[in-house]
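# An overview of the molecular structure
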Amino acid sequence: MQGKEVVDNITMKRALTRITYEIIERNRGVQDIVLIGIKTRGIYIAQRIAERLKQLEQIDVPVGELDITLYRDDQKSEPQDEPELHSSDIPFSLEGKEVVLVDDVLFTGRTIRAAMDAIMDFGRPTKISLAVLVDRGHRELPIRADYVGKNVPTSMNEEIIVEMEELDGQDRILITKGA
């Protein structure tokens, strides 16, 4: 992928560690925490945070996978533009839990709004907070992240690309000029 690298693998690791420590501090532990990653890269970020929480707190924090395709408000309604469905996997109850919703990039806020709608179909958590690797600004909805790895101010014609070892063979964040 072409673009200017704004975060390398070491900086990404530090950002995820910082998010992990903030989750522990703000929640006074992690006993009632569950992590839910938004497909696709949010899942890998949630898994990495869970691994770090296990190292630091010796507690296995459950990780779920959330597909928000059917909840999006920006999908085309043409029959040939049917969204590709994936499945959500949340094999635990959300009742009485504090959900940390995890995504790679926070932009307009529409993905997060859709994710909150989807979570409510799985149960009623005590609290939902948001952890993102990158906040690039340009919100269209009143949504903000509780935990941010890196703020990367962008223009509307730029794009943030998150590459992760699990999918792309390396960890880095790029900024590119969009169409």
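Located above this text is the structure these notes cover.
Keep in mind it's a predicted model, so treat the numbers as computed, not measured.

## With respect to the overall build of the chain
- Looking only at helices and strands, one finds four helices and eight strands in the chain.
- Whereas a compact globule of 179 residues would reach a radius of gyration of roughly 16 Å, the chain reaches 16 Å, a difference of no more than 12%.
- Within the chain, the proportion of its 179 residues that are buried is 43%.
- In the chain, once contacts between residues fewer than 6 apart in sequence are set aside, the share between residues at least 24 apart is 69%.
- Accessible surface for the chain amounts to roughly 9600 Å². Of this, 45% is attributable to carbon and sulfur atoms.
- Charged side chains in the chain number 24 positive and 33 negative. The centres of these two groups are separated by 6 Å.

## Observations concerning the sheet that holds strand β1 (residues 4–7)
- The three strands are arranged β1-β8-β7 in an open sheet whose pairing can be described as antiparallel. Each edge of the open sheet is held by one strand with a lone partner, namely β1 and β7 (158–163). Each adjacent strand pair in this sheet contributes to an overall mean axis angle of 35°, direction not counted.
- Relative to strand β8 (residues 172–177), β1 runs antiparallel, the two sharing three bridges. Within the sheet, the bridge partner assigned to E5 lies in β8 and is L174.
- Where helix α1 (residues 9–27) meets the sheet, its contacts fall on β1, β7 and β8, and the angle it forms with β1 comes to roughly 30°.

## Description of the sheet that holds strand β4 (residues 98–106)
- Here we have five strands laid out as an open sheet, ordered β3-β2-β4-β5-β6, and parallel in their pairing. Of all the strands in the sheet, the pair left with one neighbour each is β3 (63–66) and β6 (147–151). When strand polarity is set aside, the average angle formed by the axes of neighbouring strands in this sheet is 25°.
- Pairing analysis gives five bridges linking strand β2 (residues 33–38) to β4, with the strands arranged parallel. Bridge pairing in β4 links I36 to L101.
- Most of the contacts of helix α3 (residues 110–120) go to β4, to which it runs at about 150°, and overall it touches β2, β3, β4 and β5 (127–135).

## Observations regarding the environment of R18
- The residue R18 is located in helix α1 in this model.
- The exposure class of R18 is partly exposed, given its relative accessible area of 38%.
- For R18 and I49, which are 31 residues apart along the polypeptide, the C-alpha to C-alpha distance reads 9.7 Å.
- The residues touching R18, leaving out its near neighbours within four places in the chain, are V148 and G149.

Rules used in this analysis
- Residues numbered from 1 in each chain as written.
- Predicted model: local features only at pLDDT ≥ 70, side-chain atom pairs only at ≥ 80, totals over all residues.
- Heavy atoms only, no water.
- Helix = DSSP H or I, 4+ residues; strand = E, 2+ residues; numbered from the N terminus.
- Rg over C-alpha atoms; globule rule 2.2 N^0.38 Å.
- Buried < 20%, exposed > 50% of the residue type's maximum accessible area, 1.4 Å probe, protein only.
- Contact = heavy atoms within 4.5 Å.
- Areas by Shrake-Rupley, 256 points an atom, 1.4 Å probe, with all protein chains shown as cover.
- Lys, Arg positive; Asp, Glu negative; His and termini not counted.
- Charge placed at Lys NZ, Arg CZ, Asp CG, Glu CD.
- Pairing = 2+ DSSP bridges.
- Axes fitted to C-alpha atoms, helices over the stretch in contact; angles between N-to-C directions.

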